[in-house]
Amino acid sequence: MTGRLRQWIDAIWLPAFLCAGLAICVGIGQLVESDSISVMLTEMLIRLGVVVGIYIFIGNSGIMSFGQIGFMCIGAYATAWATLDPNWKQIMLQGLPYFLKDATYPFPVPMLMGATLAAAVALVFGFPVMRLSGIAASIATFAFLVVINSVYSNWDSVTAGTSSIVGIPTFINPWGGLAFACVSIVVACVFQRSQIGLMLRASRDDEIAARASAAAVERVRLTAFVTSAFLIGAGGSLYAQFLGILTADTFFMGLTFITLAMLVIGGIGSLTGAVVGTVAVTLIIEILRGLEGGVVVAGARLALPAGVAGNRSRCGHGAYSDIPRPGARWWRGGPSSVSLARA
Amino acid sequence: MVAFIQNCVDALSLGSLYALAALGIGLLFGMLRLINFAHGDFITIGAFGLIVPSRNDMAIMAIGSLPVVLLVPAACAIVVIAALLSDRLVFRPLRTASAPTLMVASFSVGYIIQNTILVTYGARPKTIDLWSSLGEQLHFGAVRVPRLEVVTIGVTLVLLAALTAFLKRTRYGVQIRAAAEDFLMARYLGVRANLAIGVAFALSGILAAVVSLLFVSETGTLTNVMGVPLMLYAFIATVVGGMGSLVGAVVGGYTVGFLAVMLQAYLPDGLRSFRDAFVFATIVFVLLLRPAGIIPTKALVQRV
């Protein structure tokens, strides 16, 4: 009897510990009653859920995927389709099917739609691609990210193209983010202890030995890919309902790199690493953002809003306005300027 | 027919740029298993090195106004110094790190370069006029080709020949190739690792500088992220060609260049804005058919 209890505790202490830690963070954050902290916490928790989702695939399979943020894009846009005001959709998004164009759906439905759509796309894309290993698989997923971005920024009748979608109802607070993060952590835990998870981890450590031991590598990889896409799609949906505004470029290279950095800094092969990495990188970003506003030394505020060089060349108050913000478009679609210039 | 030949020349010229950039990435990947995402930013450094650092919108040429024989070595020197510095400060301490760690480190180097340029040069795009006489058209029968495209293709061929000679004939070249084949074994046989890697970084810097000069004289604009799309296409090219194979990098560069130009030219109107989607979908397809790239290398095959 104690043996079984022991097993049970073994299985549950890690997710319980991680979730409790996050819950305490949120609790303390809520005590302060500051809007900016609440916003920061919500964003961090949604990202955390997404990073854990990315971990389910990358951490267990050992395949570096650059494409997972594409699923966030899919989930977010599906949510926009399901929640926006029908009048707006009839003008701006005429290509939508009727069940989306003329109706709005209450909360859990848009999220499930987004997550399911992301998972379905993952199934179709992953089916051929999961045969690839190593760097070829990474590039294929990267190509997927570019394809998704290209489609979502150009399919004007369904995604409003490069112009932003505005007016998605926002209601996600830190507790909503916490719920999502905890669900992700639990799913990741269950997955990596399951038979499929173990086979996948075996294929990560030695693909050939795993195949020799009858692990169906393609199938378990695909399972992880679809599970990961489902969670990330849900994360994208929540992110849309947190920001209230969407552009395809939010979900592109910038977010991909920062989430991968969170995963790698924490430790790419561990769930705790994914959680700790996200929290650590968010803290670094917030501290640096705090410094951007200047440092208070003995009651005097020291700030260089235009940078050291800016003060020298007297750029005035306009100097700051054109610095790209996170999520701003920093890769302008392809080198078409090269070939188009004289077409 | 004339239009097709015209497109082919365009594709050759664009493919040359990609091939040069892909070689810069491939050289380092072969030895270090480092996917250098900062390579595009080395290209950016080469371009910004031409002008006087200032936040003014008007760019004032510094070394950009020198005659060609001085300008090219000066631009190369700037990029080589940047490449060697990044090796010394970032990549050398990470010699034993895993591939994902190296990759994230190279992202970070790229971001640092982009933001340093943002702070020192300001965020607005700058226009510069480098070798504008290259814009003139040459006539071959009915086909009109800008002189720049001829120069790009010519320079690429010369550089490829020079690089091949360097790698095959000189001591350092042989060491680099040995290290790319089997790094550990090469060290046992007396190759000085840091020196060979340094030479590879320098070569990669020279290639980046040449790409930046050709690219700037084509577009005439400078932004702090100008190298990023070039790097992405070059990176794809190295993989499609066969990761770790230098011939593969060149083949991949031309493949991607042809794909981009031909899809741009021959996709129907409604689909043209989805060109990138088609380019990248084709790349997935190529990888499914040949997972190790068009020209696979033995060094990457997993031995049991």
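What counts, and where the lines are drawn
Residues numbered from 1 in each chain as written. Chains lettered and ligands numbered in written order. Predicted model: local features only at pLDDT ≥ 70, side-chain atom pairs only at ≥ 80, totals over all residues. Helix = DSSP H or I, 4+ residues; strand = E, 2+ residues; numbered from the N terminus. Expected span 1.5 Å × (residues − 1). Buried ≥ 20, exposed ≤ 12 C-beta atoms within 10 Å, placed from the backbone. Contact = placed C-beta atoms within 7 Å. Pairing = 2+ DSSP bridges. Core = buried A, V, L, I, M, F, W, Y, C linked by C-beta atoms within 7 Å. Axes fitted to C-alpha atoms, helices over the stretch in contact; angles between N-to-C directions. Parallel < 35°, antiparallel > 145°, perpendicular 65-115°, else oblique. Nonpolar A, V, L, I, M, F, W, Y, C, P; charged D, E, K, R; others polar. pLDDT = per-residue confidence, 0-100. Left-handed = near helix turned anticlockwise from the far one by under 90°.

What to know about helix α13 (residues 253–266) of chain A
Turning to step 1, where the next piece is worked out: When the terminal C-alpha atoms of α13 of chain A are compared, their 20 Å separation across 14 residues agrees well with the 20 Å that a helix rising 1.5 Å per residue should span.
Turning to step 2, where the next piece is worked out: Of all the 14 residues making up α13 of chain A, 12 are buried; the element is thus mostly covered by neighbouring parts of the structure.
Turning to step 3, where the next piece is worked out: Those residues of α13 of chain A that fall on the buried side of the exposure criterion are M253, G254, L255, T256, I258, T259, L260, A261, M262, L263, V264 and G266 of chain A.
Turning to step 4, where the next piece is worked out: Buried residues belonging to α13 of chain A abut α2 (35–61), α3 (68–83), α7 (134–154) and α14 (271–292) of chain A together with α4 (99–121) of chain B.
Turning to step 5, where the next piece is worked out: Two residues or fewer past α13 of chain A, G267 of chain A is found with a positive phi of approximately 125 degrees.

Here we look at the pairing of strand β2 (residues 137–140) of chain B
Residues and elements named next belong to chain B.
Turning to step 1, where the next piece is worked out: Taken together, the four bridges between β2 and strand β3 (residues 143–146) define a ladder with antiparallel strand orientation. Note that in β3 the partner of Q137 across the bridge is P146.
Turning to step 2, where the next piece is worked out: Here β2 folds back onto β3 in antiparallel fashion, the turn holding two residues, of which G141 has a positive phi close to 65 degrees.

What to know about the nonpolar core
Turning to step 1, where the next piece is worked out: In terms of nonpolar packing, the biggest core is built from 202 residues, with A21, V79 and V211 of chain B touching the most fellow members.
Turning to step 2, where the next piece is worked out: The element that contributes the greatest number of residues to this core is helix α8 (residues 193–219) of chain B, accounting for 17 residues.

Considering the packing of helix α9 (residues 174–193) of chain A against helix α12 (residues 217–243) of chain A
Think of two packed helices as two axes; the pair is described by the angle between the axes and how far apart they sit.
All names here are of chain A.
Turning to step 1, where the next piece is worked out: Close contact between α9 and α12 brings their axes to 11 Å; oriented N to C, the two are set at 175 degrees. As judged from the angle between their axes, α9 and α12 are roughly antiparallel. Of the residues in α12, those in contact with G176, F180, S184, V187 and F191 of α9 are T227, L231, A234, G235 and L238.
Turning to step 2, where the next piece is worked out: Looking at side-chain class alone, the contact of α9 with α12 contains six nonpolar, four polar and no charged residues.

Observations regarding helix α1 (residues 2–32) of chain B
All names here are of chain B.
Turning to step 1, where the next piece is worked out: In this model α1 runs 45 Å from its N-terminal to its C-terminal C-alpha over 31 residues, within 8% of the 45 Å that 1.5 Å per residue would give.
Turning to step 2, where the next piece is worked out: Burial analysis of α1 places 23 of its 31 residues in the buried class, the great majority of the element.
Turning to step 3, where the next piece is worked out: Where α1 ends, the next residue or the one after it, R33, has phi of about 55 degrees, a positive value.

A closer look at the confidence of the model for chain B
Residues shown with low pLDDT carry predicted positions that ought not to be read at fine detail.
Residues and elements named next belong to chain B.
Turning to step 1, where the next piece is worked out: Mean pLDDT over chain B works out to 87, with 98% of the residues at or above the 70 mark.
Turning to step 2, where the next piece is worked out: Ranking the elements of chain B by mean pLDDT puts β2 last, at 80, and helix α2 (residues 39–48) first, at 93.
Turning to step 3, where the next piece is worked out: Both confidence scores are given for the complex: pTM 0.82, ipTM 0.78.

Some details on the confidence of the model for chain A
All names here are of chain A.
Turning to step 1, where the next piece is worked out: When pLDDT is averaged across chain A, the result is 83; 85% of the residues are at 70 or more.
Turning to step 2, where the next piece is worked out: Looking across chain A, the model is least confident in helix α16 (residues 336–340), with a mean pLDDT of 31, and most confident in α12, with 95.
Turning to step 3, where the next piece is worked out: For residues 308–343, every residue scores under 50 in pLDDT, and the model assigns this stretch 47 contacts once sequence neighbours within four places are set aside.

Brief notes about the packing of α2 of chain B against α8 of chain B
Residues and elements named next belong to chain B.
Turning to step 1, where the next piece is worked out: For the pair α2 and α8, interaxial distance at closest approach is 8 Å and the crossing angle is 60 degrees. Between α2 and α8, the angle is such that the two are oblique. Classified by chirality, the crossing of α8 by α2 is right-handed. Contacts between α2 and α8 pair H39, F42, I43, G46 and A47 from the former with S204, G205, A208, A209, V211, S212, L213, F215 and V216 from the latter.
Turning to step 2, where the next piece is worked out: Of the residues in the contact of α2 with α8, the class split is nine nonpolar, five polar and no charged.

Some remarks on unusual backbone geometry
Turning to step 1, where the next piece is worked out: Positive phi, close to 60 degrees, is recorded for A160 of chain A, a residue that is not glycine.
Turning to step 2, where the next piece is worked out: Among the structural elements, A160 of chain A can be located in the loop between α8 (156–159) and β1 (165–166).
Turning to step 3, where the next piece is worked out: Notably, R33 of chain B is not glycine yet its phi reads approximately 55 degrees, a positive angle.
Turning to step 4, where the next piece is worked out: Its location among the elements puts R33 of chain B in the loop between α1 and α2.
Turning to step 5, where the next piece is worked out: Assessed through the 17 C-beta atoms surrounding it within 10 Å, R33 of chain B is described here as partly exposed.

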